[in-house]
Amino acid sequence: MADARSPVRTRMAPSPTGLLHIGNVRTAIFDWLLARHHGGQFVLRVEDTDRARLVPGSVEVMMDTLRWIGLDWDEGPEIGGPFGPYVQSERKEIYIEHAERLVVEGKAYRCYCTAERLAALRAEQESNRQPTGYDRHCRFMGAEERVEKEASGEPSVIRFAVPLEGETHLTDALRGVLTYRHETVQDFVMLKSDGFPTYHFAVVIDDHLMQISHVVRGPEYISTGARDTLLHQALDWQQPEYVHGSEILAPDRKRLGKRHGATAVLEFREMGFVPEALFNFLALLGAAYSADREIYSREELVAMFDVDKLHPTPAIFDRTKLEWMNGHYINHILTLSDVTDRCVPYLDRAGLLSGEESRDYLEDVIALVKDRVKLLPEVVELTDFFFREPEPSAELVVGKKLTPEGAHHAIQTARKRLEALDEWDEAMMESRMRELAEQLDLKVGVLFAPLRVALTGKTVAPGLFETMRVLGHERTLERLTRAAETVSGAHVA
Ligand code: GLU
């Protein structure tokens, strides 16, 4: 953006009405990157004025989600700051004061219309096929009636008096100047009868008082952009820069929703996505930096962030690509020790750990499978045999290419050769087993198959000799003995 104001101050302003979704967090990432790119501040503000939709506890969950993905804020509800409080329900007086000011100046008015009247009005407009909306009944109320109404103490809201003619403009950094004809703009409510502000009013007051320089938010706020401009003009305030991100669509080009699977960021966490990958993915969703690179560190993303690279056109949420990226982070970016730390809770939850495993052993196990892990929980299925004895059936050990006698003989002989090794060395094991295959006149794959099943209980597993190395001499021989017994037991029976 050419004229970045100084200092750059951005904000994330979630409403505590549930979980943070992919779209909310992508917006927060853009806000955060913009602030960090310019060495400015990122503010967290809780927009809890829609009292009917509050979900208790969701502020904490949201903060936890933001921290998990790696966002930090310089001012916010729990740390305070020079422009607090950062929770809108604690700022009621501020909104009332500004709303009253606009009433006094004739730019807003009290409306006493009841919910019944508004419902009847709507029904009438619908039956006449007219556009629905407030008919400005109270705006043109006589002075006498107004005094009477005020004295009566009847519940009222404060509405903004939108000019009846002309148009209003809002500049969006990605889309240019947006024009709103006043005849299409309602006299919107600023202050509700419970004394709480509406989103549209509170957001303008707070962004101004908190000295927010750039408002990066979702595209759903474009349609009501006239309200932002009208309020700023009425209050004689300078507007921040607006950046409305792109819509996020599912591959079927419908708005990303529940039917496409998870949309809440915490669900992605549960599924085993690592925050570094999700951050990288979301930072690029709806942005175009380079055609030949997708993996960027957080520092690189901060350094290169540029609003001009964001697209206004819808971005497609490509889950397959996200999984690829996650696997890439697990396999190439995060250290083995780090990946191990993140896998351990899943192994533990699956009941695989006794607590006796050494750190080296855990890392050896993870090292063998991490190139096949796309999502962290997959590690359970891939490594369970390192933590509990496999119990393959005789049929599985024998497989399709050998007879039970042949399998038994192969396993027994392999066991003897391995037992005779001086050193538990992978290369040595491999060359002995290859020699054995030749002597038994078996293809290597045919010999290795029963050994693999004996050691892992699976037909597909990590490399046979790496597995032997990690299992160790004793356990390898024990498992071969047991598999041979299983096969001969079955054979005799
Ligand atoms: N409270 C709004 C939301 O949760 C914030 C929108 C904005 O950034 O202005 O979507």
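You'll find the structure just up there.
Reference entry: report on the structure contained in this document. (Residues numbered from 1 in each chain as written. Predicted model: local features only at pLDDT ≥ 70, side-chain atom pairs only at ≥ 80, totals over all residues. Heavy atoms only, no water.)

## Brief notes about the site of the ligand
What counts here: A cutoff of 4 Å decides nearness: a residue is near a molecule or strand if any of its heavy atoms lies inside that distance of it. In the analysis that follows, any N or O atom pair within 3.5 Å is treated as a polar contact, provided that within protein one partner can donate a hydrogen and the other can accept it, and provided that, for residues neighboring in sequence, both atoms belong to side chains. In these tables, accessible area is a Shrake-Rupley quantity obtained with a 1.4 Å probe, and a residue counts as shielded only by the protein chains included in the view. The nonpolar class holds Ala, Val, Leu, Ile, Met, Phe, Trp, Tyr, Cys and Pro. Asp, Glu, Lys and Arg form the charged class, and all remaining residues, Gly among them, are polar.
If you check the shell around the ligand, you find Arg11, Ala13, Pro14, Ser15, Glu47, Tyr199, Val203, Arg217 and Tyr221 and nothing else. In this structure, Tyr221 approaches the ligand through a side-chain N or O atom, which is 2.8 Å from an oxygen atom. Contact with the protein chains hides 85% of the accessible area of the ligand, taken as 300 Å² for the molecule alone. Split by residue class, the shell around the ligand holds five nonpolar, one polar and three charged.

## Remarks on the pairing of strand E5 (residues 167-172)
Note the following rule: The rule is simple: take the accessible area with a 1.4 Å probe, protein chains only, and divide by the maximum for that residue type; under 20% is buried, over 50% is exposed, in between is partly exposed. Put simply, DSSP marks the helices as runs of H or I at least four residues long and the strands as runs of E at least two long, and each gets a number from the N terminus on. Strands are treated as partners if at least two bridges between them are detected by DSSP.
The side-chain alternation of E5 yields one buried face, formed by Thr168, Leu170 and Asp172, and one unburied face, formed by Glu167, His169 and Thr171. In this structure, E5 lies alongside strand E6 (residues 176-181), joined through six bridges in antiparallel fashion. Across the sheet, the residue bridging to Leu170 is Leu178, located in E6. Between E5 and E6, which follow one another and run antiparallel, lie three residues.

## Looking at the packing of helix H1 (residues 22-37) against helix H9 (residues 275-284)
Here is the rule: A fitted line through C-alpha atoms serves as each axis, taken over the contacting stretch for helices, and the angle formed by two N-to-C directions is quoted from 0 to 180°. Should an angle fall under 35 degrees it is called roughly parallel, over 145 degrees roughly antiparallel, and 65 to 115 degrees roughly perpendicular, with every other angle called oblique. Contacts are residue-level and defined by heavy atoms, with any inter-residue pair within 4.5 Å sufficient.
Their axes nearest at 9 Å, the elements H1 and H9 cross at an angle of 80°. Between H1 and H9, the crossing angle belongs to the class labelled roughly perpendicular. Here Ile22, Val25, Arg26, Ile29, Phe30, Trp32 and Leu33 of H1 lie close against H9, whose contacting residues are Leu278, Phe279, Leu282 and Ala283.

## What to know about the packing of aromatic side chains
Here the distance between the centres and the angle between the planes together describe a pair of aromatic rings. Selection criterion: Each aromatic pair joins two rings of Phe, Tyr and Trp (for Trp, the six-membered one) with centres within 6.5 Å, and gets the label stacked for planes under 30 degrees apart, edge-to-face for over 60, and tilted for any other angle. The criterion for a charge sitting over a ring is simple: Lys NZ or Arg CZ within 6 Å of the ring centre, and within 35 degrees of the ring normal.
As enumerated under the stated definition, the model contains eleven aromatic pairs in all. Seen in terms of ring centroids, Trp32 and Phe279 are 5.8 Å apart; in terms of plane orientation they differ by 90°. Their pairing is edge-to-face. Within this pair, whereas Trp32 is found in helix H1, its partner Phe279 is found in helix H9, the two being separated by 247 residues in sequence. Of the residues examined, Trp32 reaches a relative accessible area of 6% and is grouped as buried. Taken together, Phe268, Phe273, Phe281 and Phe317 form an aromatic cluster joined through their ring pairs. Taking NZ or CZ as reference, Arg159 lies 3.6 Å from the ring centre of Tyr134, over its face. One cation-aromatic arrangement involves Arg298 over Phe279; the distance from NZ or CZ to the ring centre is 4.0 Å.

## Points about the environment of Pro312
Of note, Pro312 is situated in the loop between helix H10 (298-304) and strand E11 (315-316). Taking the relative accessible area as the measure of exposure, Pro312 reaches 33% and is therefore partly exposed. Put simply, Pro312 and Tyr86 are 226 residues apart on the chain and 30 Å apart in space, counted from C-alpha to C-alpha. Among all residues touching Pro312, those that are not within four sequence positions of it are Leu174, Arg175 and Ser246.

## Topic: the environment of Leu19
Looking at the secondary structure, you find Leu19 in the loop between strand E1 (9-12) and H1. Sequence separation between Leu19 and Ile366 is 347 residues, and the spatial gap between their C-alpha atoms is 32 Å. If sequence neighbours within four positions are ignored, Leu19 has contacts with Asn24, Val61, Ala264 and Leu266.

## Section: the pattern of salt bridges
Selection rule: We count a salt bridge whenever a side-chain nitrogen from Lys or Arg sits within 4 Å of a carboxyl oxygen from Asp or Glu.
With the rule as written, the count across this model stands at 39 salt bridges. Taking the shortest distance from any N to any O, the salt bridge between Glu323 and Arg319 comes out at 3.1 Å. Of this pair, Glu323 and Arg319 both sit in helix H11 (residues 319-333), separated by four residues, roughly a single helical turn. Taking relative accessible area as the criterion, Arg319 reaches 28% and is therefore assigned partly exposed. Its salt-bridge partner being Arg415, residue Glu419 comes within 3.0 Å of it at the nearest N-O pair. Linking Glu419 with Arg415, this pair stays in helix H16 (residues 404-419), spanning four residues, or about one helical turn. With a relative accessible area of 19%, Arg415 lands in the buried category. Counted as one network, the salt bridges with shared partners bring together Arg11, Arg45, Glu47, Arg91, Asp206 and Asp207.

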